[in-house]
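# Descriptive analysis of the structure
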Amino acid sequence: MRAEQRREVLVCGGAGGLAAGGYALAAGLRGQWPAGADAVAVPFHAHLWDLLHGEASGDLLFNWNSGYGVPFLPDFFAYLMNPFSWFTAFLPRDRGELAVLLVTLATIGLGTALMARLLGRLHPGPHWLRALAAVGYGLCAWVLDVGGAAPMWLWGLVSLPLLGLAADWCLRERHWVAGSLCVAVAWAGNLYTAALATLVAGLLFAVRLFATPRPFRHRVRATGRAVTMATAGVLLSSPVLFVAVRAARGAQPESPVEPLGPSGLGGHLAQLLPATHSGRPLPDVAIGLFGLLLVCGLPFNRRVRARERAVWCAALVLVVLSFVWTPTVLVWHGLAIPAGGPYRVAFVLSGLLVLAGWVSLAHRPDPLTLCGGAAVVAVIAALAAGRHSVRPATWVLLAVGGAVLLAALWVLDRRHTDRRANAVATWVIGGAVVGNAVWSGYAALGAADSVGVPPAAARAAHAAVRAADDWPRGRSDPGPHAFTANDPLLLGGQGGGYFSGYLPTVAALLLHDLGAGWTAGGRQTASVADPVGQALFGVRAHLDDGPPPDGFAPVRAAAPPLVTLLAPQARPETSSVWSRQESLLGSQVYDAPLPVPAGGPAPTLHGTSGWSVPPGDEGTVLTAVCTPGSTAFFHGVWYRGTVSGLGTTYRSDGEQPTTAVAIHRLGTVPADGTVRVTLRSETVSQVPARPVGCLRTGALEAAVARLTAGGATRVEAGGHTVTAALPAGSVGTALLSVPATEGWSCAVDGGRYSAPVPVLGMIGVPLGAGGSRIACSFRPPGLSEGLIVTSATAAVLALAAAFGHLARRRPAHVSRRERRRALSAPGARKAPDTPDAPQAPQAPDA
């Protein structure tokens, strides 16, 4: 038994090592990191490093670095719950790409090892061929094209076989508690991929339940165990589930995505072939030529029972069709096509293909099976020929690799009793599988553009941000210059830039309404770029665009404290971005006249909604009159075209509602006070009713001095708390330059905590008759409820485990009649002290 266990560990470990080594070899030969990791994975792992080393401003509950203060626990659950992400702590902070690569390799290895184990539970067969079949899953096209740059999604590669093993225990009526823990691990690691893996694991359970004859009572019991096991596991991960659901409700909606266009039968079939990369929204499901030959030969394998073949083929056809019909694609993705890629679920189909291929391989495919599989692959290749995604490397792998694999599989069938021939054939298949995987990985890593952050510039920016850090007296913003969408996580500091699927709508709209830019429909925000906006958020130092080689320039400016006072009679004005800024500042600092058309195609004014600017090379001219010597700014928001004025020309790439452009500085207003702006666009575009704002000289400095004199005298910030001391007897509203997201509660002078009153999206704390101290604390919505449900579920699992343990140790009760019958049986040996009793049957594991 121990020898069998050691061999199983060796086989599963070998499969994981081959897959991880193959990916590492492909990345090394290509000489680049997975494309896309710099945008999300690397910054989040850099922030995890800060948290683990005590250098972050916030904690697991709240993120002071990004979005000028946003909840962090939902993002931690979404992006950093892969257990291997903790490798980051053992590497230098600036080696984030290496950390992400190590997380990717470890996850690929574990997922492949678990798949090798699941294949063995599915059907017995040659051990090392099972390992090679699992490599096709660990290095499927989804991993090479998508998962390698996203460790959070890559956990799905582990979840699918883990849930498949839990389903296997249900069929064998064993390990209910352990299976529930497996479900919890899958769901806690990443909710998105776990939900999809659970669906496919349920399909696998149904296939195995009906593919072989079983008593009806056993099917009912196994189904009951599966349902209760899945329910218990999901409830055990309730903190993740509850927090994520509550955060999703308050998150900025995803920007609209165009429906999937027709790709044709050939385009989808091409995705089954090795070393293909379409660059179009198609599912990456290739599992290598070895697995493709096996799964295509399954319908012809007469050594597999007809019923089992039929069930497997029907399941595969059902899932494949759901990947090519837009309504079912929407169902797979929660009724919304993800902006980051419309086929994030492709790994589940790859897993099913590997499982089906193993069923055929475990039954030793005969020549008819091999010929049938080769013929189907040839048909697929013929239908896919001429597609852009089919490269010359694909034909080389099909021709050379196909011939080698077919010959080796033929030897395994005809010489299956010859150990030496089997060993040689296995080595040949292993070489073909690993070579196919490395070649495909090399092609996939080179097909995508990888524009990484220059390491020297990132280190210089990180040092500049830390040198200017004055938190919590003020903010050191790594923007508006941007290396990535998550520079505050990558470089430190406290900025407005953030990209997250859980970015609160309150935070996104606050920044948008104050003139900051956004992309991805508001799921990616940027730091404010104008001086008034920076003063409102207490930004005392920031990085602006600068000359090479670093590309940024540190800038410092005076700013009020994070907590200021609004007068009791203050009433917010929201007619324009300039009036909103003035309302929060508590002073009038802008001239914001209504512009007048002065040349070119005439624009149309739609009241407070803004101007419609017609297209034309001549350009529409708008003029406004401001105080001479003031600084003019232009806020086009959704405008798409060229903006020229006061010697400045820039390109505005706005597009409603996905891309909003930040306030942009034009220049100094001339002596005649006329600001002349020319707008040239290719299509009809829109600008606000008052797109020009002129900041009067000295007005902002005076406002900052007034806010500083009347604001907080001391500010202290913890991981998810903030306290501020105010001048004695302060009245009005204490304004915290933090988005008023759900979960905040505040108290005045040690009183009762209550929800703050938002002021144009910022946290406002009414002081009533007067106050000298405020204290605010944040708690993620849903966390308390999730912990309660998890505690109750854990208690149930503990009781089930205890009862199961006692049931296994307790001897079976034997009645007096049965003892007499046993003693009177012919040949029964009687002992004077203890009667013979039949052996108690082993109770099934809980």
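Computed from a prediction, not measured in an experiment: that's the story for all the values here.

Reading the values: the criteria
Residues numbered from 1 in each chain as written. Predicted model: local features only at pLDDT ≥ 70, side-chain atom pairs only at ≥ 80, totals over all residues. Heavy atoms only, no water. Salt bridge = Lys/Arg side-chain N within 4 Å of Asp/Glu carboxyl O. Helix = DSSP H or I, 4+ residues; strand = E, 2+ residues; numbered from the N terminus. Buried < 20%, exposed > 50% of the residue type's maximum accessible area, 1.4 Å probe, protein only. Core = buried A, V, L, I, M, F, W, Y, C linked by side-chain atoms within 4.5 Å. Contact = heavy atoms within 4.5 Å. Axes fitted to C-alpha atoms, helices over the stretch in contact; angles between N-to-C directions. Parallel < 35°, antiparallel > 145°, perpendicular 65-115°, else oblique. Left-handed = near helix turned anticlockwise from the far one by under 90°. Nonpolar A, V, L, I, M, F, W, Y, C, P; charged D, E, K, R; others polar. Pairing = 2+ DSSP bridges. Patch = residues over 30% accessible without salt bridge, like charges linked within 9 Å, V, L, I, M, F, W, Y side chains within 5 Å. Areas by Shrake-Rupley, 256 points an atom, 1.4 Å probe, with all protein chains shown as cover. Phe/Tyr/Trp six-rings, centres within 6.5 Å; stacked < 30°, edge-to-face > 60°. Disulfide = S-S within 2.5 Å. Polar contact = N/O pair within 3.5 Å; in protein donor to acceptor, adjacent residues only side chain to side chain.

Here we take up the pattern of salt bridges. When the charged atoms of two side chains with opposite charge come close together, those side chains can pair. Using the criterion set out here, one finds 23 salt bridges in the structure. Notably, a salt bridge pairs Asp168 with Arg208, separated by 2.9 Å at the nearest N-O pair. Of this pair, Asp168 sits in helix α7 (residues 151-172) while Arg208 sits in helix α9 (residues 191-211), and the two are 40 residues apart along the sequence. The exposure classification of Asp168 matches that of Arg208, with both residues buried. Here Arg651 and Glu682 are joined by a salt bridge, their closest N and O atoms 3.5 Å apart. Of this pair, Arg651 sits in strand β17 (residues 648-653) while Glu682 sits in the loop between β19 (674-680) and β20 (685-687), and the two are 31 residues apart along the sequence. Each of Arg121, Asp168, Arg172 and Arg208 takes part in one network of salt bridges that share partners.

Phe290, Trp312, Phe323, Leu355 and Ile429 are the most contacted members of the largest nonpolar core, which totals 154 residues. Top element by residues in this core is α7. It accounts for 14 residues. Ignoring sequence-local partners within four residues, the contact set of Phe290 consists of Leu132, Ala133, Leu361, Leu405, Leu409, Ile429 and Val433.

Below, the discussion takes up the packing of α7 against helix α8 (residues 176-189). Orientation of α7 relative to α8, taken along the N-to-C sense of each, is 160°, at an axis distance of 9 Å. The pairing of α7 with α8 is recorded here as roughly antiparallel in orientation. The element α7 and its partner α8 pack so that their crossing is left-handed. Together, Trp155, Ser159, Leu162, Leu163, Ala166 and Trp169 of α7 and Ala178, Gly179, Cys182, Val183, Val185, Ala186 and Gly189 of α8 make up the contact between the two elements. Its residues assigned to classes, the contact of α7 with α8 comprises ten nonpolar, three polar and no charged.

On to the sheet that holds strand β8 (residues 552-556). If you walk across this open sheet you meet the three strands as β3-β7-β8, and the pairing is mixed. This sheet does not close on itself; its edge strands, each paired only once, are β3 (475-480) and β8. The mean inter-strand angle of the sheet, taken between neighbouring strand axes irrespective of direction, is 20°. Looking at chain direction, strand β7 (residues 539-545) and β8 are connected through five bridges and run antiparallel. The partner of Ala541 across the bridge, within β8, is Arg556.

For the pair α8 and α9, interaxial distance at closest approach is 6 Å and the crossing angle is 135°. When the axis of α8 is compared with that of α9, the two are oblique. Counted together, Ala186, Trp187 and Gly189 of α8 and Leu191, Ala194, Ala195 and Thr198 of α9 form the full contact between these two elements. For the contact of α8 with α9, the residue count by class is five nonpolar, two polar and no charged.

Spatial ordering of the open sheet is given by β10-β21-β15-β18, a layout of four strands whose pairing is antiparallel. With one partner strand each, in any of the chains shown, β10 (590-591) and β18 (664-668) form the two edges of the open sheet.

On to the environment of Pro283, then. With respect to the helices and strands, the residue Pro283 is situated in the loop between α12 (264-270) and α13 (289-297). A sequence separation of 14 residues divides Pro283 from Leu269, and the C-alpha atoms of the two residues are 9.9 Å apart. Look past the residues within four positions of Pro283 in its chain and what remains in contact with it is His268, Gln271, Phe323, Tyr343 and Ala346.

What follows is about a nonpolar patch on the surface. The grouping of Val396, Val400, Val404, Val424, Val428 and Trp439 at the surface amounts to a nonpolar patch, some 460 Å² of accessible area in total. Looking at the secondary structure, you find Trp439 in helix α19 (residues 419-447). On the basis of relative accessible area, Trp439 is assigned to the partly exposed category, the value being 37%.

Once that is clear, we can look at the side chain of Thr394. Position of Thr394 relative to the elements: it lies in helix α18 (residues 392-414). Discounting chain neighbours no more than four positions away, the residues touching Thr394 are Leu273, Pro274, Ala275 and Thr276.

Looking now at the packing of aromatic side chains. Considering all chains together, one arrives at 18 aromatic pairs under this definition. On the numbers, 5.6 Å between centres and 45° between planes, the contact of Phe84 with Phe87 is tilted. Pairwise contacts between aromatic rings join Phe44, Phe72, Phe76, Phe77, Tyr79 and Tyr498 into one cluster.

This next bit is on the state of the cysteines. Inspection of the entire model under this criterion finds two disulfides. The side chain of Cys626 participates in a disulfide bridge whose partner is Cys694; the two sulfur atoms lie 2.1 Å from each other. Taking the torsion about the S-S bond as the criterion, the Cys626 to Cys694 disulfide, at about 65°, is right-handed. Of the two residues, Cys626 sits in the loop between β14 (620-625) and β15 (631-634) while Cys694 sits in strand β21 (residues 692-695), which places them 68 residues apart along the sequence. Residues Cys626 and Cys694 agree in their burial class; the two are buried.

Relative to β19, β14 is paired through six bridges, and the arrangement is antiparallel. Pairing of Leu622 across the sheet is with Val677, part of β19. Examined bridge by bridge, strand β16 (residues 640-645) and β19 share four bridges and lie antiparallel to one another. Counted as the bridge partner of Gly645 is Val677 from β19.

Attention now moves to the side chain of Ser612. Here Ser612 is to be found in strand β13 (residues 611-613). On the basis of relative accessible area, Ser612 is assigned to the buried category, the value being 16%. Within polar-contact distance, the side chain of Ser612 engages the side chain of His606 at 2.8 Å. Residues contacting Ser612, with those up to four places away along its chain left out, are Pro603, Thr604, His606, Val684, Ser685 and Gln686.

Moving on, we come to unusual backbone geometry. In this chain, Trp471 is followed by Pro472 through a cis amide linkage whose omega measures 5°. Relative to the elements of secondary structure, Pro472 occurs in the loop between α20 (455-467) and β3. Look at the link from Gln656 to Pro657: it is a cis peptide, with omega at 0°. By secondary structure assignment, the location of Pro657 is in the loop between β17 and β18. The phi dihedral of Arg364 is positive, around 55°, even though this residue is not glycine. For Arg364, the position within the fold is in the loop between α16 (346-362) and α17 (367-384). What makes Arg364 partly exposed here is its relative accessible area of 30%. Notably, Val637 is not glycine yet its phi reads approximately 55°, a positive angle. Secondary-structure assignment places Val637 in the loop between β15 and β16.

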